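Examination of the molecular architecture
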Amino acid sequence: MHQSRRRAAMDQNQDLQAVAQVRQEEEEEEAAAAAEAPAPKQPEERRDEAGDADATEADVSEVVLDQQDVDEDPEKRPMTGDAQAEKNGCVKLNVDGDGGEFTGLKKDELLRVAGTPGWVRTRWALLVLFWLGWLAMLAGATLLILRAPRCRELPATRWWNRGALYRVPSVRAFSDAGDIRGVREKVDALSQLRLSGLVLGPVHVAPPDDAAALSFQEIAAEAGSLEQFRELLGAAHRKGICVVLDLTPNYRGSSGSWFSDASVTVVAEKLKSALVFWFSEGVDGVQLADVDYAAAAVPSLWADIRAIVQNGTNERPTRRLLMGATERRAATDVSGVLSSSGVDLLTSGLLLDGDASELARSVQDLYDAHPQTRLAWNLGGRGRGHLASLVGPALVPLYQLLLFTLPGTPVLEYGDEIGLTDDGTKFPRMIWDSAEDELNGTQKEARARRASSRAFVRRVSEARAKERSLLFGDFVAVANSSSSLAFVRSWDQNAAFLAAFNFDRREARPEPVRAALPRVAEVVLATDPTRGAGADPAALRLAGGEALLLKLPSAG
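Here's what I pulled together on the structure shown here. If you're wondering where the values come from, they're calculated on a predicted model, not measured in any experiment.

The next thing to look at is the packing of helix 10 (residues 264-280) against helix 12 (residues 299-310). Pairs of packed helices are described in terms of their axes, by the angle between the two and the distance that separates them. Between helix 10 and helix 12, whose axes approach to 10 Å, the crossing angle comes to 5°. By the angle between their directions, the pair helix 10 and helix 12 is classed as roughly parallel. Between helix 10 and helix 12, the contacting residues are Thr265, Ala268, Glu269, Leu271, Lys272, Leu275, Val276 and Phe279 on the first element and Leu301, Asp304, Ile305, Ile308 and Val309 on the second. For the contact of helix 10 with helix 12, a count of residues per class yields nine nonpolar, one polar and three charged.

Below, the discussion takes up helix 17 (residues 441-466). Note on helix geometry: an α-helix contains 3.6 residues per turn, so any two residues three or four positions apart are oriented the same way. Here helix 17 is 26 residues long and its end C-alpha atoms lie 38 Å apart, about the 38 Å a rise of 1.5 Å per residue gives. Residues of helix 17 that are buried: Ala446, Arg450, Ser453, Arg454, Ala455, Phe456, Val457, Val460, Ser461, Ala463 and Arg464. Where helix 17 is buried, its residues meet helix 8 (187-191), helix 16 (396-405), strand 12 (409-413), helix 18 (468-472) and strand 16 (521-526). For helix 17, the N-terminal capping position is held by Asn440, with its side-chain oxygen 3.2 Å away from the main-chain nitrogen of Thr442.

This part takes up the packing of helix 13 (residues 331-341) against helix 14 (residues 356-369). Two elements in contact, helix 13 and helix 14, have axes separated by 9 Å at closest approach and are oriented at 25°. The pairing of helix 13 with helix 14 is recorded here as roughly parallel in orientation. The two elements helix 13 and helix 14 meet at a crossing, and its hand is right-handed. Taking contact as the criterion, the partners of Ala331, Val334 and Ser335 in helix 13 are, on helix 14, Ser362, Asp365, Leu366 and Ala369. Tallied by class, residues from the contact of helix 13 with helix 14 come to four nonpolar, two polar and one charged.

Moving on, we get to the packing of aromatic side chains. For any two aromatic rings, the description comes down to two numbers: the centre-to-centre distance and the angle of the planes. Under the definition given, this model contains 14 aromatic pairs. A ring pair is formed by Phe174 and Trp432, whose centres lie 5.3 Å apart and whose planes are at 90°; its orientation type is edge-to-face. Remark: Trp432 occurs in the loop between strand 12 and helix 17 and Phe174 occurs in helix 6 (residues 171-174); sequence separation between them is 258 residues. Judged by relative accessible area, Trp432 falls into the partly exposed class, the value being 23%. Between the aromatic rings of Phe475 and Phe487, the centroid separation amounts to 5.0 Å while the plane-to-plane angle is 45°, which identifies the pairing as tilted. You can see Phe475 sitting in strand 13 (residues 474-480) and its partner Phe487 sitting in strand 14 (residues 484-490), a full twelve residues away along the chain. The burial state of Phe475 is the same as that of Phe487; both residues are buried. Each residue in the set Tyr367, Tyr399, Phe475, Phe487, Phe501 and Phe503 is aromatic and connected to the rest through ring pairs, giving one cluster. Looking at Arg320, its charged tip hangs above the ring of Phe279, at a distance of 4.1 Å from the centre.

Reading guide: rules and limits
Residues numbered from 1 in each chain as written. Predicted model: local features only at pLDDT ≥ 70, side-chain atom pairs only at ≥ 80, totals over all residues. Heavy atoms only, no water. Axes fitted to C-alpha atoms, helices over the stretch in contact; angles between N-to-C directions. Helix = DSSP H or I, 4+ residues; strand = E, 2+ residues; numbered from the N terminus. Parallel < 35°, antiparallel > 145°, perpendicular 65-115°, else oblique. Contact = heavy atoms within 4.5 Å. Nonpolar A, V, L, I, M, F, W, Y, C, P; charged D, E, K, R; others polar. Expected span 1.5 Å × (residues − 1). Buried < 20%, exposed > 50% of the residue type's maximum accessible area, 1.4 Å probe, protein only. Polar contact = N/O pair within 3.5 Å; in protein donor to acceptor, adjacent residues only side chain to side chain. Left-handed = near helix turned anticlockwise from the far one by under 90°. Phe/Tyr/Trp six-rings, centres within 6.5 Å; stacked < 30°, edge-to-face > 60°. Lys NZ or Arg CZ within 6 Å of the ring centre and 35° of its normal.

Structural data, given as structure tokens:
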């Protein structure tokens, strides 16, 4: 009996030691796992482990019973790994409670998800939608481009098509200096008018009716010197003004511009070599009178003259101007000279004859027969005098507006911008006003009129320079009578302009017959300074001698 109890106690002691050893091994494994873990154990785990140790040492019998229960019931066996054994056979999972941020899916997890059928279908659907949208936008943009109105191709223009030409036939009358140097001193004033070219002279040596003494390459002593001419040329070019030299052979004689029939061949030969000389000096063009006579008298030599002037060179590819002049006035005659001579521009007396309806017809005939880049409009000239003397001072602003709005290049005589009158001579002295002049009341009024006239020319020249419709736009006469005229200038999608003129002293009401006009338009320029800012183009009322330039509203 005693031995059996002793044996039982020994067995029990062995069992306790075995259990203690198992617990110690488990604790060592847990300690090693804790050392390898990236984060320290939570306080709850340390308290649990202390409780386990206390339970082991304090209550041996309870452990034995627990062990027996474990042997009898496998479900109460302790778990290892992420779970830890608690007393009474309970299992505690090691769940982090630190509330850390979610770090997202790993690469292999994303690849597994991305390869699922649902995501594959979604990606394909989005890709198809993207390309469909892109193609739809491309098709829409293409449709807009195809349906948009195409811009008209701009016509080929030369420097003489972009501004007015200003003729100074007498350098003696143009300035107080009385020579080319005086013209040089006025270049700044001329540039304010937005001119494209200055037509100078003739200034060469040409004794009246003496072809043998003719010298194109020599400047007459009373006109100045070659050095003065070079200075003028440089000053004009710096201001953007081209210089055209009048080389009319017999400009002082009475036997004709080209002398007699017997000498025209010799004169033409001299002219050919003179052209080479003056172009080497930098001249931008030449003017010749009575070109219809020269072209018919010496056609082969005239062809050579044209080639020298109009053909560019490697050193000077810019086209030079061949400008002709004729005294013919009928539209058919002027058109014939323009065709036969082949000049780039031709001044004539076409605007001097007839009433407003005949003027409209003549302009239309020339416009229909030739490109407007070859048309030139003028009233005065070397043998005719100045604008104010030809039409009267009251109509000077009207004709100034007419010259700048017709389809072609306006040509002014010196002094036309201030209403200079001839006063018994074809070459009256030019008036240059100065603020320092002491004037009486009448003189002050005259000076104010000149300043107003000059300012009007500057405004209309600026308007023409910046508006394509006025530079090279289509010309359509919309109303005309014996005393009034109205026409429209338009180019493609640019603003259109209506120019209206009353040549009579009485009020006129031009009635449009060839175009439907809007009911309101902006007044751009008016010869009457009291005219308001707007007008009805379809029901215009013009005072005697009044002219208007209206900007029509866009059709869009």
